[in-house]
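Given next are the chains, with one letter for each unit.
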Amino acid sequence: MEFKKFLSFLGPPGCGKGTQAPKVTDKYQLQFLSTGDVFRQAIKDETDLGKKAKDFVSNGKLVPDSIVIDMISERIFEEVKKTEGILFDGFPRTYTQAIALDKMLQKFRARVHAVISFDVPDSVLFERITGRLTHIPSGRTYHKTFKPPKIPMKDDVTGEDLVQRKDDTPEYLTRRLKEFHENADLIKDHYRKLGVLISVNANQSINSVTNEVLTSINKLLK
Ligand code: ADP
Ligand code: AMP
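Description of the structure in this document. Only a predicted model underlies this, so the values are computations on that prediction, with no experimental measurement involved.

1. Quick notes on the site of ligand 2
Item 1. Residues in contact with ligand 2 amount to 16 residues; listed here are only the nearest, Thr35, Arg40, Lys61, Gly90 and Gln97.
Item 2. At a separation of 2.8 Å, a nitrogen atom of ligand 2 approaches a polar backbone atom of glycine 90.
Item 3. At a separation of 3.0 Å, a nitrogen atom of ligand 2 approaches a polar side-chain atom of glutamine 97.
Item 4. For ligand 2, the protein covers 96% of the area, taking 480 Å² as the surface of the free molecule.

Set out below in structure tokens:
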């Protein structure tokens, strides 16, 4: 376990975490674990987890820490067996979750190797979020203007329907951004002290962000 790598993408909704993730998971052979994707699929499948998370997710509120931490601790060691490590997207999202993750990993003499903070002004996120199209089963995202699917409203890989998420509206985005900013500084301070925080400029083209993300992870994982 101590040789496994644990990375996290930290940034506001719509900053490009899900878009960039496949480049990193492919390069470093990591398992991708997006807590948002897990909750959306659980809600769709009407599982116990889905029932617990539904009201929070559909109102753009954070799911309580205890539910998130239980879910991660149930999955993390099964997921990590499959690959060289895990790339988390949207986790940890509170200081309490960050401390819980450290504790889970310490048991196996593992640690968080890199936290990539996606820096982008809030004003940019409204256009990104309101134009986002999502393939729920895979979590793949597109954008009506910036990254259109090959066939309108269909996933490029499976041909299945794309949807506009119910929480991808300006009203819910405002609420989700407030929650993000209330928590982000404490999480960043924590990882900065551990020497694993990297900031990237997420307000540039998708390819330029990819280059910056890969270059900075490469430096930290050396
Ligand atoms: P997150 O996972 O951080 O919530 P996404 O990766 O889903 O964000 O990106 C949000 C939306 O913005 C998507 O529609 C995506 O296609 C688009 N997008 C992502 N990165 C960029 C970028 N650098 N420039 C323009 N649009 C982008
Ligand atoms: P995302 O797909 O990352 O935008 O997440 C969608 C929604 O899932 C959020 O608005 C929250 O309701 C919930 N969620 C995802 N990850 C977490 C987390 N780590 N802690 C609390 N709630 C979360």
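Text resumes after the structure shown.
2. Quick notes on the site of ligand 1
Item 1. Around ligand 1 sit 18 residues in total, of which Gly14, Thr19, Arg132, Tyr142 and Gln204 are the nearest.
Item 2. Here an oxygen atom of ligand 1 and a backbone polar atom of cysteine 15 are 3.3 Å apart.
Item 3. Threonine 141 is positioned with one of its side-chain polar atoms (N or O) 3.2 Å from an oxygen atom of ligand 1.
Item 4. Relative to its unbound accessible area of 560 Å², ligand 1 is 93% covered by the protein chains.
Item 5. Secondary-structure elements contributing two or more residues to the shell around ligand 1 are helix 1 (17-28) and strand 6 (140-143).
Item 6. Classifying every residue of the shell around ligand 1 gives 6 nonpolar, 8 polar and 4 charged.

3. Observations regarding helix 5 (residues 95-106)
Item 1. For helix 5, which comprises 12 residues, the first-to-last C-alpha distance of 17 Å matches the rise-based estimate of 16 Å (1.5 Å per residue) to within 8%.
Item 2. Buried within helix 5 we find Gln97, Ala98, Ala100, Leu101, Asp102, Met104 and Leu105.
Item 3. In this fold, the buried residues of helix 5 make contact with strand 1 (5-10), helix 4 (65-81), strand 3 (85-89), strand 4 (112-119) and helix 7 (170-193).

4. Some thoughts on the side chain of threonine 94
Item 1. Structurally, threonine 94 can be placed in the loop between strand 3 and helix 5.
Item 2. When its relative accessible area of 7% is taken as the criterion, threonine 94 is described as buried.
Item 3. A distance of 2.9 Å separates polar atoms of two side chains, one belonging to threonine 94 and the other to aspartate 65.
Item 4. Leaving out residues up to four positions away in the same chain, threonine 94 has contacts with Leu62, Asp65, Asn183 and Ile187.

Cut-offs used in this document
Residues numbered from 1 in each chain as written. Chains lettered and ligands numbered in written order. Predicted model: local features only at pLDDT ≥ 70, side-chain atom pairs only at ≥ 80, totals over all residues. Heavy atoms only, no water. Near = heavy atom within 4 Å. Polar contact = N/O pair within 3.5 Å; in protein donor to acceptor, adjacent residues only side chain to side chain. Areas by Shrake-Rupley, 256 points an atom, 1.4 Å probe, with all protein chains shown as cover. Helix = DSSP H or I, 4+ residues; strand = E, 2+ residues; numbered from the N terminus. Nonpolar A, V, L, I, M, F, W, Y, C, P; charged D, E, K, R; others polar. Expected span 1.5 Å × (residues − 1). Buried < 20%, exposed > 50% of the residue type's maximum accessible area, 1.4 Å probe, protein only. Contact = heavy atoms within 4.5 Å.

Nothing here speaks to function; it is geometry throughout.
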